[in-house]
Amino acid sequence: MSSNNPSLFDRAETDALLRAQPLAVRMRPRRLNEFIGQSHLLGPDKLLSRMIVAGRLGSIILSGPPGTGKTTLAQLLATETGGQMRILSAVTSGVKEVREVIAWAQDQVITGSTPPILFIDEIHRFNRSQQDALLPDVEAGIVSLVGATTSNPYFAVNAALISRSQVFSLDPLTVDEVTTLLRRAIGDRDRGLGRYAIDIDDDALTFFATACEGDARRALSALEVAVLSGIDAGGSVRIDLAAARASYGGQQIGYDATGDDHYDLASALIKSIRGSDADASIYWLARMLEGGEDIRFLCRRLVILASEDVGNADPHALTIAVAAMQACEFVGLPECQLTLSQAVAYLALAPKSNAATTAIGAARKDVRENRLLPVPIALRDAHYAGAQARGHGADYRYSHDESDGVATQDYLGVEREYYRPVSRGFEAELSKRIAGLRLRLRGLHDKSS
């Protein structure tokens, strides 16, 4: 009888530890065929699938948003290839811990074992020297490195390590994929919630699968809260849409103000304004505001856009953007969201021209690449002693002395066209004006030639 006690105690301890784990941890797949999502990586004949079958993982970087299965996939890679796995967090580990794991991996390989997997979570948080410490043993095949990052690895991970790795991007799970995971958890008696009599409405299940924004961990956590907070004495629980919403609480806006979210959403905002879609523009503005984006950054981008993409097609655009910047500085959040919305809507609906942008670009290219033009004598500064003796300012014609305010003289020395107004908005009027002015100035060049 006593010989059985240790196993009974062990089983009780194991069960207690399992019950203490969150549902999202308990429901992690144990084999690759249980893994949901990422078919673009794990489908038949996909590269990662072939690497698993071949048992040659090499070095892998898994990038993607939270809750897409990066850690789980790393554990399954070890299971499927028969290798042991050691886990390090780049937040808490340094070169010393890396070298200790590498020494252990060398011992494993020397004894004929499959090269172990070293999983480094948040690998982008390793500095350059820490990442460089991995290179020799990754190249030698002593260890299969699997790094996980929520940042863009091409920005956040050393180029040397990227060049020695296969980079795989994990996508947020679809609503159908999250729904499959939720149903699996509801029906699983061993690891999931199957021991309870759960009656869940379809719209509640859809809400869980949609509100998580592709993050399976968030969906499973919310489901667990809904079930455990609603169980009656008989072990039954009914979950309707109201209960599902209450279990989620406030919407969690995933936003990295220094990473991909910042750049991608800013790009979406600018491109939507440029494309004259006011509704899309205001949505992307809202996403950035809800994510806590720096108001000054938003204002700077709008001021730049007013010149870069609207220009003289609507000269008021720059005035409105600058006024919005000043108002936001004066008013602050939350009220300045109204000012930003007004400015974004105006800029989106304004006629567009990049003529000023291309003009300065072409002129600066000429300055950099071609022979520099001398300032015509008539335009040179004539206010200092000796300028008159050098002929500076001679024959200069003062424009305000002319009846139409235009003095026909050579202002550049050669014939160039940089500013080409478009036929939209106010630039349509400028296009007519510049055509007449150029005709007069070209006539001057023709006479001089």
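Below is a short write-up of the structure. (Residues numbered from 1 in each chain as written. Predicted model: local features only at pLDDT ≥ 70, side-chain atom pairs only at ≥ 80, totals over all residues. Heavy atoms only, no water.)

### Details of unusual backbone geometry
A cis geometry characterises the amide bond from Leu 333 onward to Pro 334, with omega recorded as 5 degrees. Phi at Glu 213 is positive, roughly 55 degrees, even though this residue is not glycine. Residue placement: Glu 213 occurs in the loop between α12 (202-211) and α13 (216-228). Note on Glu 213: relative accessible area 46%, which makes it partly exposed. (Helix = DSSP H or I, 4+ residues; strand = E, 2+ residues; numbered from the N terminus. Buried < 20%, exposed > 50% of the residue type's maximum accessible area, 1.4 Å probe, protein only.)

### What about the pattern of salt bridges?
Counted according to the given criterion, the structure contains 20 salt bridges. Between Arg 31 and Glu 80 there is a salt bridge; the shortest N-O distance is 3.3 Å. Taken together, the positions of Arg 31 in the loop between α2 (23-26) and α3 (39-42) and Glu 80 in helix α5 (residues 70-81) put the pair 49 residues apart, joining distant regions of the chain. By relative accessible area, which is 41% here, Arg 31 ends up partly exposed. Its relative accessible area of 27% is what places Glu 80 among the partly exposed residues. (Salt bridge = Lys/Arg side-chain N within 4 Å of Asp/Glu carboxyl O.)

### What about the environment of Val 98?
Tracing the backbone shows Val 98 in helix α6 (residues 95-110). A relative accessible area of 1% places Val 98 in the buried class. Val 98 sits 22 residues away from Ile 120 along the chain, and the two C-alpha atoms are 9.5 Å apart.

### A few points about the packing of aromatic side chains
One pass over the structure, following the stated rule, counts four aromatic pairs. Judged by centre distance (5.4 Å) and plane angle (90 degrees), the ring pair of Phe 207 and Tyr 248 falls under edge-to-face. One end of the pair, Phe 207, is in helix α12; the other, Tyr 248, is in helix α14 (residues 241-248), with 41 residues separating them in the sequence. On the basis of relative accessibility, which here comes to 9%, the residue Tyr 248 falls in the buried class. Centre to centre, the rings of Tyr 283 and Trp 284 are 5.0 Å apart; their planes meet at 75 degrees, and the pair counts as edge-to-face. Since its relative accessible area comes to 45%, Tyr 283 is described here as partly exposed. Judged by its relative accessible area of 24%, Trp 284 falls in the partly exposed class. (Phe/Tyr/Trp six-rings, centres within 6.5 Å; stacked < 30°, edge-to-face > 60°.)

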